[in-house]
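Breakdown of the fold
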Amino acid sequence: ETRVSARVGAIAESATLAVDAKAKALKAEGRPVIGFGAGEPDFATPEPIVRAAQEACADPRNHRYSPASGLPELREAIVTKTARDSGYVIQPNQVLVTNGGKQAVYQTFAALLDPGDEVLLPAPYWTTYPEAIRLAGATPVEVPTDESTGYLATLEQLEASRTPRTRMLLFNSPSNPTGAVYPPERVAEIGRWAAEHDLWVVTDEIYEHLVYGDARHVSMPVEVPELADRCVVLNGVAKTYAMTGWRVGWMIGPTDVIKATANLQSHLTSNVSNVSQRAALEAVSGPLDAVAEMREAFDRRRRTIVEMLGAIPGVSCPEPKGAFYAYPSVKELLGTEIRGRRPRSSAELAELVLEQAEVAVVPGEAFGTPGYFRMSYALGDEDLAEGVRRMAALLSEAK
Ligand code: PLP
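About the criteria used
- Residues numbered from 1 in each chain as written.
- Predicted model: local features only at pLDDT ≥ 70, side-chain atom pairs only at ≥ 80, totals over all residues.
- UniProt positions renumbered as here; feature names shortened; annotations may be inferred.
- Helix = DSSP H or I, 4+ residues; strand = E, 2+ residues; numbered from the N terminus.
- Near = placed C-beta within 6 Å.
- Nonpolar A, V, L, I, M, F, W, Y, C, P; charged D, E, K, R; others polar.
- Pairing = 2+ DSSP bridges.
- Axes fitted to C-alpha atoms, helices over the stretch in contact; angles between N-to-C directions.
- pLDDT = per-residue confidence, 0-100.
- Parallel < 35°, antiparallel > 145°, perpendicular 65-115°, else oblique.
- Contact = placed C-beta atoms within 7 Å.
- Expected span 1.5 Å × (residues − 1).
- Buried ≥ 20, exposed ≤ 12 C-beta atoms within 10 Å, placed from the backbone.
- Arc of directions from axis to C-beta.
- Left-handed = near helix turned anticlockwise from the far one by under 90°.

**Some words on the UniProt feature "domain: Aminotransferase class I/classII large" (unreviewed entry) in the protein chain**
The UniProt feature table records "domain: Aminotransferase class I/classII large" (unreviewed entry) at residues 32-389. Helix makes up 39% of residues 32-389 and strand 14%, and the two end C-alpha atoms of the span are 14 Å apart.

**Quick look at the site of the ligand**
Residues in close proximity to the ligand total 13 residues, the closest being Gly 100, Gly 101, Lys 102, Asn 176 and Gly 236. Top element by residues in the shell around the ligand is helix α5 (residues 100-112). It accounts for three residues. Within the shell around the ligand, the residues separate by chemical class into three nonpolar, eight polar and two charged.

**Considerations on the sheet that holds strand β4 (residues 139-144)**
The pairing of strands in a sheet happens through backbone hydrogen bonds and is either parallel or antiparallel. Read across the open sheet, the seven strands follow the order β2-β8-β7-β6-β5-β3-β4; overall the sheet is mixed. For this open sheet the edge positions go to β2 (95-98) and β4, each flanked by a neighbour on one side alone. If you compare each strand with its neighbour and ignore which way they point, the axes differ by 20 degrees on average. Bridge analysis of strand β7 (residues 231-236) against strand β8 (residues 249-252) gives four bridges, and the strand direction is antiparallel.

**So, the confidence of the model for the protein chain**
Segments scoring low in pLDDT should not have their predicted coordinates read at a detailed level. Of the residues in the protein chain, 100% have a pLDDT of 70 or more, and the chain-wide mean is 96. Of the two predicted TM-score estimates for the complex, the pTM is 0.96 and the ipTM is 0.98.

**Some details on the packing of helix α12 (residues 289-310) against helix α14 (residues 381-395)**
Contact geometry for α12 and α14: axes closest at 10 Å, N-to-C directions at 10 degrees. Comparing the axis directions of α12 and α14 gives the class roughly parallel. For the pair α12 and α14, contact is made by Arg 301, Thr 304, Ile 305, Met 308 and Leu 309 and by Asp 381, Leu 384, Ala 385, Val 388 and Ala 392, respectively. Per-class residue counts for the contact of α12 with α14 are seven nonpolar, one polar and two charged.

**Things to note about α12**
Because an α-helix completes one turn every 3.6 residues, residues spaced three or four positions apart along the sequence face the same direction. For α12, which comprises 22 residues, the first-to-last C-alpha distance of 32 Å matches the rise-based estimate of 32 Å (1.5 Å per residue) to within 8%. Residues Ala 290, Val 291, Met 294, Phe 298, Arg 301, Arg 302, Ile 305 and Leu 309 constitute the buried set of α12. Looking down the long axis of α12, one finds its buried residues gathered within 120 degrees of arc, a one-sided arrangement. Exposed residues pointing more than 90 degrees away from the buried face of α12 are listed as Asp 289, Ala 292, Glu 293, Glu 296 and Glu 307.

**Looking at unusual backbone geometry**
Following Ala 123, the chain continues into Pro 124 via a peptide bond in cis, with omega recorded as 0 degrees. For Pro 124, the location among the structural elements is in the loop between β3 (118-123) and α6 (128-135). A cis amide bond links Asn 176 with the next residue in sequence, Pro 177, at an omega value of 20 degrees. You can see Pro 177 is positioned in the loop between β5 (166-172) and α8 (184-196). Positive phi outside glycine occurs at Arg 247, with the angle close to 60 degrees. Positionally, Arg 247 belongs in the loop between β7 and β8. Overall, Arg 247 belongs to the buried group, with 20 C-beta atoms counted inside 10 Å. The backbone of Arg 339 sits at a positive phi, close to 45 degrees, despite the residue not being glycine. Using a count of 10 C-beta atoms within 10 Å as the deciding quantity, one classes Arg 339 as exposed.

**Digging into the packing of helix α4 (residues 72-85) against helix α11 (residues 274-285)**
Here α4 crosses α11 at 25 degrees, and the two axes come no closer than 9 Å. On the basis of their axis angle, the class for α4 and α11 is roughly parallel. Pair α4 / α11 crosses with left-handed handedness. Between α4 and α11, the contacting residues are Glu 73, Leu 74, Ala 77, Ile 78 and Lys 81 on the first element and Gln 277, Ala 280, Leu 281, Val 284 and Ser 285 on the second. Partitioned by chemical class, the residues of the contact of α4 with α11 number six nonpolar, two polar and two charged.

**Some thoughts on helix α10 (residues 255-268)**
The end-to-end C-alpha separation of α10 is 20 Å, in line with the 20 Å expected for 14 residues at 1.5 Å each. Those residues of α10 not exposed but buried are Val 257, Ile 258, Thr 261, Ala 262 and Gln 265. Each buried residue of α10 lies within a common arc of 130 degrees when the element is viewed along its axis, so the set occupies one face. Seen from the open side of α10, the exposed residues pointing more than 90 degrees away from its buried face are Asp 256 and His 267. At the C-terminal side of α10, Ser 270 shows a positive phi close to 55 degrees.

In structure tokens:
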């Protein structure tokens, strides 16, 4: 029996935030927990961005309400940045500035979906998407992928899941939680298919700058220009500039969609904090050197974690090409005996790993694919190696 509405009562707690909270609580008790749970860079926000925010605090202009859709200067700068980074050419009235990418995700679904609509959602998926789709009254239709294909959905799979009710495809590359990056030809192929069937595509590009080796990020509406009128691009400063706590994201879409969504936002949150918007303005207008440095560190950690995970019997991990997550399969370990316990699911195994190895990971259940762990490698090199060593020591006791 619950007193809250059916709609809100049906929402599950964010598993990624829950794992992070549990790890932090154990740490506060003095236990040396190493956390692979949080999806955030371990770097400080670059100094010029912090300075811009400090100056903004002292400027009385920023003490007042500003336009709900974002500071005009920031919308302009996002237009310029988008052309620079992905080659997508847009106008300022196609940009809506939001409280983090998360608000952009929620509002996009709210603006485009009606009850009965279906959204194709390749799994493993970021844990927020299905909740936000259901809050809009629509139905997520999972399109499962696994490590055998590097977690990439094929056009055939998508087509097999399409019905007369399919209204939208959610596309996220580089992917949270798998680190998969769709090759340009596949992006183009999927985009043309979506355009042909009049589907909306929501493409979440928040990890656009975090790609490694020969992987390349391309933006679907650039590859398939005819899709632009039915496409929403999601992005934000969180992952590129180590700004998770500043809460600035944005959505890019056709002007009518942006106008309607701005109306929604004007009643929901109004403008994003002006100080954060000024910081974001500095971030997107500035150079990309800081992200290049972070990318180098992430790449080094990526290679370490993949190599170390690959050496654990029963664990298999395709090489992630982007973002800062590894997504190893632990299926072979389920049902084995480890320290007198017999974990049957990745959730139970993750709990055992936290208790016995003091290492926090997010189980695949959170991303629609039980049998996996998501491990963020956005933590210091030493902690990373020590954490995987501890986990390896525990898991190699499996019998
Ligand atoms: N999209 C993806 C795929 C993410 O992983 C995240 C954060 O974890 C976001 C969007 C939203 O980020 P934020 O709300 O911090 O800007």
